[in-house]
Amino acid sequence: MDRRLDPSIRVVWLVSGLIWAVVPLVALVIGWAFGVPGWLLGVLGAIAVVVGVTAITYPLARYRNWAWRLRDDDLVIRHGVVFKLERWIPRTRVQYVDIAGGPIERALGIRTLVVYTAGSGLLSVSIPGLPQAEAESLRAELLAWSVADAPEEPVGSTAEPTRPPDDVGDPW
Amino acid sequence: MTTSHPLPGPDDPGRLHPLTLVAGPIRQLGGWIVPLIIALILGTRSEGAFGGFGFLVLILAGTVASQVIQFLRLRWWVDHDAFHLRTGLLQVENRTVPLDRIHNVDVTEPIFARLLGMAEVRIESAGSSAADVNLRYVAADQALTIRDGLRGLAGAAAPTESEEATPEDRILVHTPTSELLVAGATNNRIGALAVAAAAVVGVLFEAGVDPEALFDVAGDLVRPGVWLVVIVIVAAIVVGWLVSIAESVLRFHDFTLTLHEDEARRTHGLLSRSSGRIPLARVQTVRVEQPFLRRWLHRSTIVADTAGSVSAGISAGTGTVSPIEPDGRVPELVSTMLRRPGTDATGLHPVSRLAIRRAFVRAIVPIVLLAAVPAILFSPWWALVAAGLAIPAWFWARARWAAIGHRLDEDLLVVRSGVFTRRTWFVPTAKVQAVGVRRTPFQRRLGLADLRVESAASADGTVVVIDLELDTAHALAERLSDRSSATAFVSDGV
């Protein structure tokens, strides 16, 4: 069963996307103040509209395409709108875990979980949009495996997170 | 091991030393601090430089401000099973490193920190070549307490290594100089230029243009000065080729790889003698490379990618196993480096034939675009050039497809790809860190996907099999994840 991100992550993505939309808007205003020819203003305006529309619709598409699942042996995630990416991280490969949150995320009560595997800290996988309790519980589960454990024994899953999972009909 | 330890717990977390506010900016600005201060002093006296002065003040203020935030916000503590670190003001980060994942703890004292009575603690997990946790800076004696406390809790032991050569040492590789001449001569850098030149001449020939006539025409139209330039370019290529040969000989002179217990030791070099060690346990992948000229001569280069360790003084990197080796000896050497007898690259499966179409389209689109400009501006005959290039583009796309092969055994993944340089990777499943499947929009339409296998090797750690059928990619990913999770990853073991 796939788990989805918290819907409020769309707000975070929307805000950061809109910051990008400000750039052509500012260019538009400056251009208008300096009496730039009309057709150029039109072009800038069109760019601003395109960027703005993308900034609003892209987070929605991104949210629809984000899913993850913690299985007995590994963590699986999939995301991506244009370029689709799926990743498998065996639980025995998790070295350490970060839970991070910017100001907007923390105001909305969500966090990003970053999972690190071996290799100069560059191999990491992030799951954004996790409610804080869910992030902490996922972290505890991922770190529950220890080197001393016999590798053949499957790591049992603990209590399910509180949000009901959505069935997306994937043959996973 | 006692159950209580003198390290701060969750209720009373540790912080950085206050003098970090002095040492931190010094470290961040580094060598710039002295000229910066001089510039500031001069700036206060001169009026014209106000803008620059303001900018410098901003830099210094920004550095100090970030240090202040770091100092005020950083907390660290140890509980019964992990080391915790919390940093950040706007972006808050909580890092949790389980004690049994801690591979090593180091204390270092950069000079300015030492003068102020402080030290840096670096905590490193398995397979990292950079520290995963940096405490900059704490009081020097507290640093030692942290190191000893964590080492005791983690049970980490320093690896011991013997230095003397024992009679059981086995020479794996000894490269004669004649072979090094071949290595330098078959380096792809020069070969690619020659191939490109030959390809252009070949295409013109195919398109019905006589190269001889072309030179005559060019000679009439163009001033003699240009021919001088052409001669100089040709001479530069030839000289570059000779330099490449000389460089190979000098660098790898008397290359010797010796097996000493579980470590491969190499020495090489004429002017300066280099040596390196490859502990076999640290090998993540073994790579066999064949620039195409070398392939014709049935020779290969063998390279081992290793995970690093700050404590053992080994950086993650790429160690040459053999600069040039006859193909016949490659399986034996790869088997030795992987400690897996009988390893070879036979029986590889191809990927989907749709990969040819995808590669062809990717090659032809830039050709068409590049030909469109002169076709519109000058003459439509340029379209003929594009059409002419389409044929070699298709051959190249097909060669690219034919070069890709993969095989997943119980404990080993073998991947081969590349036209100009053929590469074969050998990745033990025990060294796989994570697996990915990636699809571009074009691949999605064709039902293809790339398989990306990540190991703890350095920059080249990701092995990619492109353009597999989607079901095959998923099946391989599941099997790899399954086999990888069945083993514990301990960078010094396995």
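Residues numbered from 1 in each chain as written. Chains lettered and ligands numbered in written order. Predicted model: local features only at pLDDT ≥ 70, side-chain atom pairs only at ≥ 80, totals over all residues. Heavy atoms only, no water.

**Considering the overall build of chain A**
Helix and strand counts for chain A come out as four helices and six strands. Starting at the N terminus and walking to the C terminus, you meet the elements of chain A as α-α-β-β-β-β-α-β-β-α. Here chain A holds 172 residues, and 48% of them are scored as buried. Here the contacts in chain A between residues at least 6 apart in sequence split such that 53% fall between residues at least 24 apart. (Helix = DSSP H or I, 4+ residues; strand = E, 2+ residues; numbered from the N terminus. Buried < 20%, exposed > 50% of the residue type's maximum accessible area, 1.4 Å probe, protein only. Contact = heavy atoms within 4.5 Å.)

**With respect to unusual backbone geometry**
All names here are of chain B. The residue after R136, namely Y137, is reached through a cis peptide bond having omega -5°. As for its position among the elements, Y137 is in strand β6 (residues 133-139). Here the phi dihedral of D254 falls at roughly 55°; this positive angle occurs in a residue that is not glycine. With respect to the helices, strands and loops of the structure, D254 is situated in the loop between α9 (224-252) and β8 (256-260). Of note in the backbone geometry, D467 takes a positive phi value of approximately 55° without being a glycine.

**As for the interface of chain A and chain B**
Of the residues lining the interface, 40 residues belong to chain A; the matching set on chain B comes to 47 residues. In total, chain A and chain B occlude about 3800 Å² of area from one another, counting both sides; carbon and sulfur atoms represent 46% of this. Of all residues in chain A, W88, R93 and Y96 of chain A give up the largest surface area on contact with chain B, accounting jointly for 19% of the area buried on that side. On inspection of chain A and its partner chain B, the count reaches three salt bridges. Linking R95 of chain B and D98 of chain A is a salt bridge whose minimum nitrogen-to-oxygen distance equals 2.6 Å. Elements supplying a minimum of two residues to the side of chain A that touches chain B: β3 (84-90), β4 (96-101), α3 (103-108) and α4 (132-143) of chain A. Sorting elements by how many residues they give to the side of chain A that touches chain B places β3 of chain A first, with seven residues. (Buried area = accessible area lost by both parts, 1.4 Å probe. Salt bridge = Lys/Arg side-chain N within 4 Å of Asp/Glu carboxyl O.)

**Points about the pattern of salt bridges**
Residue and element names in this part refer to chain A. Taken as a whole and judged by the stated rule, the model has 25 salt bridges over all chains. D2 serves as the salt-bridge partner of R78, at 2.7 Å between the closest nitrogen and oxygen. Of the two residues, R78 sits in strand β2 (residues 74-79) while D2 sits in the segment before α1 (9-33), which places them 76 residues apart along the sequence. For the pair R78 and D2, a shared accessibility class is recorded, and that class is buried.

**Here's the deal with helix α12 (residues 354-377) of chain B**
Relative to the 34 Å expected for 24 residues at 1.5 Å per residue, α12 of chain B spans 35 Å between its end C-alpha atoms, a close match to the ideal helical length. Of all the residues in α12 of chain B, the buried ones are A355, I356, R358, A359, A363, I364, I367, A371 and P374 of chain B. (Expected span 1.5 Å × (residues − 1).)

**Here we look at the confidence of the model for chain B**
Residues and elements named next belong to chain B. With 81% of its residues at a pLDDT of at least 70, chain B reaches an overall mean of 81. Here helix α7 (residues 188-206) stands out as the element of chain B with the lowest mean pLDDT, 56, in contrast to strand β14 (residues 405-408), whose mean of 96 is the highest. Confidence estimates for the predicted assembly give a pTM of 0.78 and an ipTM of 0.78. (pLDDT = per-residue confidence, 0-100.)

**Topic: the packing of α1 of chain A against helix α2 (residues 38-64) of chain A**
All names here are of chain A. Across the interface, α1 lies against α2 with an axial gap of 8 Å and an inter-helix angle of 180°. Regarding the angle of α1 to α2, the classification is roughly antiparallel. Residue composition of the contact of α1 with α2, by class: 21 nonpolar, four polar and two charged. (Axes fitted to C-alpha atoms, helices over the stretch in contact; angles between N-to-C directions. Parallel < 35°, antiparallel > 145°, perpendicular 65-115°, else oblique. Nonpolar A, V, L, I, M, F, W, Y, C, P; charged D, E, K, R; others polar.)

**Quick word on the sheet that holds strand β3 (residues 92-98) of chain B**
In spatial order, the strands read β6(A)-β5(A)-β4(A)-β3(B)-β2(B)-β1(B); together these six strands make up an open sheet with antiparallel pairing. Either end of the sheet is taken by a strand with one partner, and the two such strands are β6 (124-131) of chain A together with β1 (75-78) of chain B. In this sheet, adjacent strand axes meet at a mean angle of 15° when their direction is disregarded. Here four bridges tie β1 of chain B to strand β2 (residues 82-87) of chain B, and the two strands are oriented antiparallel to one another. Across the sheet, the residue bridging to V78 of chain B is F83 of chain B, located in β2 of chain B. The sheet contacts of α4 of chain A involve β4, β5 (110-116) and β6 of chain A together with β3 of chain B, and relative to β6 of chain A the element is tilted by about 145°. (Pairing = 2+ DSSP bridges.)

**Comments concerning the environment of R353 of chain B**
Residue and element names in this part refer to chain B. Its place among the elements puts R353 in the loop between α11 (330-338) and α12. When the C-alpha positions of R353 and E332 are compared, they lie 32 Å apart, and in sequence the two are 21 residues distant. Sequence-distant contacts of R353, that is, excluding residues within four places in its chain, are made with R398 and W401.

**Remarks on α2 of chain A**
Think of an α-helix as 3.6 residues a turn; residues three or four steps apart then line up on the same face. Residue and element names in this part refer to chain A. Taking 1.5 Å per residue, 27 residues should reach 39 Å; α2 reaches 39 Å between its end C-alpha atoms and fits that length. If you look at α2, its biggest bend is around 30°, right at T57, and the proline P59 turns up within four residues after that. Of all the positions in α2, only L41, L44, G45, A48, G52, A55, P59, A61 and Y63 are classed as buried. Against the buried residues of α2 lie α1. (Bend = angle between axes of the 7 residues up to and from the residue.)

**Topic: the pairing of strand β16 (residues 421-428) of chain B**
Residue and element names in this part refer to chain B. Within β16, seven of the eight residues are buried, which leaves the element mostly enclosed by the surrounding structure. In this sheet, β16 lies alongside strand β11 (residues 283-291) in antiparallel orientation, the contact comprising six bridges. By the bridge assignment, P291 is partnered in β16 with T421.

**A short note on the packing of aromatic side chains**
Between two aromatic rings, the relevant description is the distance of the centres plus the angle of the planes. Tallied over the full model, the rule gives six aromatic pairs over all chains. An angle of 80° between the planes, with centres 5.8 Å apart, marks the rings of F292 of chain B and W296 of chain B as edge-to-face. Pair noted here: F292 of chain B and W296 of chain B are both in helix α10 (residues 292-296), with a separation of four residues, about one helical turn. Its relative accessible area of 10% is what places F292 of chain B among the buried residues. For W296 of chain B, a relative accessible area of 64% corresponds to the exposed category. Linked through ring pairs, F292, W296 and F420 of chain B together constitute an aromatic cluster. Positioned above the aromatic ring of Y63 of chain A, the side-chain terminus of R10 of chain A is 4.8 Å from the ring centre. Positioned above the aromatic ring of Y116 of chain A, the side-chain terminus of R95 of chain B is 4.8 Å from the ring centre. (Phe/Tyr/Trp six-rings, centres within 6.5 Å; stacked < 30°, edge-to-face > 60°. Lys NZ or Arg CZ within 6 Å of the ring centre and 35° of its normal.)

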